[in-house]
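Fold and contact review
Here is what each chain is made of, one letter per residue.
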Protein chains: 2
Amino acid sequence: MRKKIESISQETIRRIALYLRSIRKLSRQNLTIISSSQISNHLSVTPDQFRKDLSYFGSLGKPGVGYKVEPLVKHLEKILGVDSERRIILVGVGKLGSALLAYPGFLSFNFRFVAAFDNDAEKIGKVIQGIKIQDISKMRKKILHFDVDLAILAVPAESAQSVAEKLVECGIRGILNFAPVNLNLPQDVYVLDVDMGTELMVLSYFSRRVLL
Amino acid sequence: MRKKIESISQETIRRIALYLRSIRKLSRQNLTIISSSQISNHLSVTPDQFRKDLSYFGSLGKPGVGYKVEPLVKHLEKILGVDSERRIILVGVGKLGSALLAYPGFLSFNFRFVAAFDNDAEKIGKVIQGIKIQDISKMRKKILHFDVDLAILAVPAESAQSVAEKLVECGIRGILNFAPVNLNLPQDVYVLDVDMGTELMVLSYFSRRVLL
């Protein structure tokens, strides 16, 4: 079982997250039971793919009956580690960082910003979305105080590596990296890059292909 | 050959984009020849993976010699469709949209915003990063005028589907979608979702795994 879980790909987990998003929406419409085909109508996956993805974690569905919505939502939340509040911090409060602090999609999945840091004296002390921007030198204390293990990194490319190293020293184990650089960090730290330039290039490639 | 290209995965193309980013950086350091292992030191891929990815598009390297940097950069740019300026538009100029307009990583890969749209009367007429925000009703005219085929969608979830349909009617063939919804569009339109909530959940999952 252990080995199986470790070999699960990012793509599978991304789909699991999309299932959660989608099934939560359905649950708000007071559906109590859903079928794989209802899910697959909502997303661009086949019912088989949905069943297969869930089967990695022990399926909850019954053939011909479907899935009970509430237990399924809880199950998916637990898989993803968002069944209770996850505290996160932001480092780098520029235009993108400020937008991320205000992004409603985090809180709706139980992620809560507890602190934000920058090294710009003009920004320090300001409050954005109820979060006071603090000097980057106070990071360690706050990370320990709030018991945070996930950080969002939105600093300029030049400083990303050194700031990321500081985060790791402070105990951070997962970094969502918006800086367009490949971070070089210890193996036990998980880095997920969100590079908008890269995504646009991927879009550029495939949007041409569909025209061929 | 045709079939081969069509079956290339998003993950491969994402790596190709990362190679381009990385090799451009190396080229600024006046390197004229690079080896697969130099690339692989910069990124978290093996030299074999790098050679394999490039081989889909006809390799330019020589065994034991390496790759000439300048032709390789041009080759990768051509694959990704960024060898000449790609005009893009933004729809939805909220906090995230404004940050995207100012994002330096787009222009450095030949993507240039030529217009931005919103339906909020308070925003229309304002200028951000040299781009005047226009009424969404003027979209069609501008898209035709500037011959745009790629759009960034940063509107609230509720309006994303209807705005996306309008974009498609206006001739847009690729959408980078920041709204947390699954868009339902014709098959010949390519949608790439960037959902920050989903990415954080993926990070949450894997950052726990590395601790096991």
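Residues numbered from 1 in each chain as written. Chains lettered and ligands numbered in written order. Predicted model: local features only at pLDDT ≥ 70, side-chain atom pairs only at ≥ 80, totals over all residues. Heavy atoms only, no water.

1. Observations concerning the pairing of strand S4 (residues 111-118) of chain B
Side chains on a regular strand alternate between the two faces of the sheet. All names here are of chain B. To keep it simple, the criterion reads: Each residue gets one of three labels from its accessible area relative to the maximum for its type: buried under 20%, exposed over 50%, partly exposed in between, using a 1.4 Å probe on protein chains only. Here a strand is any run of E in DSSP of at least two residues, a helix any run of H or I of at least four, and the numbering for each starts at the N terminus. Strand pairing is assigned whenever DSSP detects at least two bridges linking the two strands.
With 7 of its 8 residues buried, S4 lies for the most part within the structure. The sheet contact formed by strand S3 (residues 86-91) and S4 spans 6 bridges and is parallel. In the sheet register, isoleucine 89 faces S4, and the bridge partner there is alanine 115. Pairing analysis gives 3 bridges linking S4 to strand S6 (residues 131-135), with the strands arranged parallel.

2. Structural notes on the interface of chain B and chain A
The line we're drawing: Note on contacts: a residue pair is in contact if any heavy atoms of the two residues lie within 4.5 Å. For any pair of parts, buried area is found by adding up, for both, the accessible area (1.4 Å probe) each one loses once the two are put together. Each salt bridge in this description consists of a side-chain nitrogen of Lys or Arg and a carboxyl oxygen of Asp or Glu lying within 4 Å of one another. Counted as a polar contact is a pair of N or O atoms within 3.5 Å, where, for protein atoms, one must be capable of donating a hydrogen and the other of accepting one, and residues adjacent in sequence contribute only when both atoms are in side chains. Put simply, Ala, Val, Leu, Ile, Met, Phe, Trp, Tyr, Cys and Pro go in the nonpolar bin, Asp, Glu, Lys and Arg in the charged bin, and everything else, Gly too, in the polar bin.
Taken residue by residue, the interface counts 69 residues in chain B and 69 residues in chain A. When the two sides are added together, the surface that chain B and chain A hide from each other amounts to roughly 6,100 Å², 68% of it contributed by carbon and sulfur. Three residues stand out in chain B for area buried against chain A, namely Leu200, Met201 and Tyr205 of chain B, and they jointly supply 12% of the buried area on that side. Our count for the chain B to chain A interface comes out at 4 salt bridges. Glutamate 199 of chain A is the salt-bridge partner of arginine 14 of chain B, the closest N and O atoms lying 2.8 Å from each other. In this structure, the connection of chain B to chain A is made through 12 residue pairs in polar contact (both at pLDDT 80 or more). Ranked by residue count, the leading element in the side of chain B that touches chain A is helix H10 (residues 196-209) of chain B, at 14 residues. In the side of chain B that touches chain A, the residues fall into 41 nonpolar, 14 polar and 14 charged.

3. Let's talk about the pairing of strand S8 (residues 174-177) of chain A
All names here are of chain A. We apply this condition: Note on handedness: a crossover is taken as right-handed if, strands pointing away from the viewer, the path from the first strand over the helix to the second is clockwise.
Burial of S8 is two-sided: the residues Gly174 and Leu176 facing one way and the residues Ile175 and Asn177 facing the other way are all buried. Of the pairings in the sheet, the one linking strand S7 (residues 150-153) to S8 comprises 4 bridges and is parallel in character. For leucine 153, the partnering residue across the bridge sits in S8 and is asparagine 177. Once the chain exits S7 it traverses helix H9 (residues 157-169) before rejoining the sheet at S8, and the crossover so formed is right-handed. Judged from the 4 bridges that link them, S8 and strand S9 (residues 190-193) form a sheet pairing that is parallel. Paired with glycine 174 across the two strands is tyrosine 190, which belongs to S9.

4. Considerations on unusual backbone geometry
Notably, aspartate 147 of chain A is not glycine yet its phi reads approximately 55°, a positive angle. As for its position among the elements, aspartate 147 of chain A is in the loop between helix H8 (139-146) and S7.

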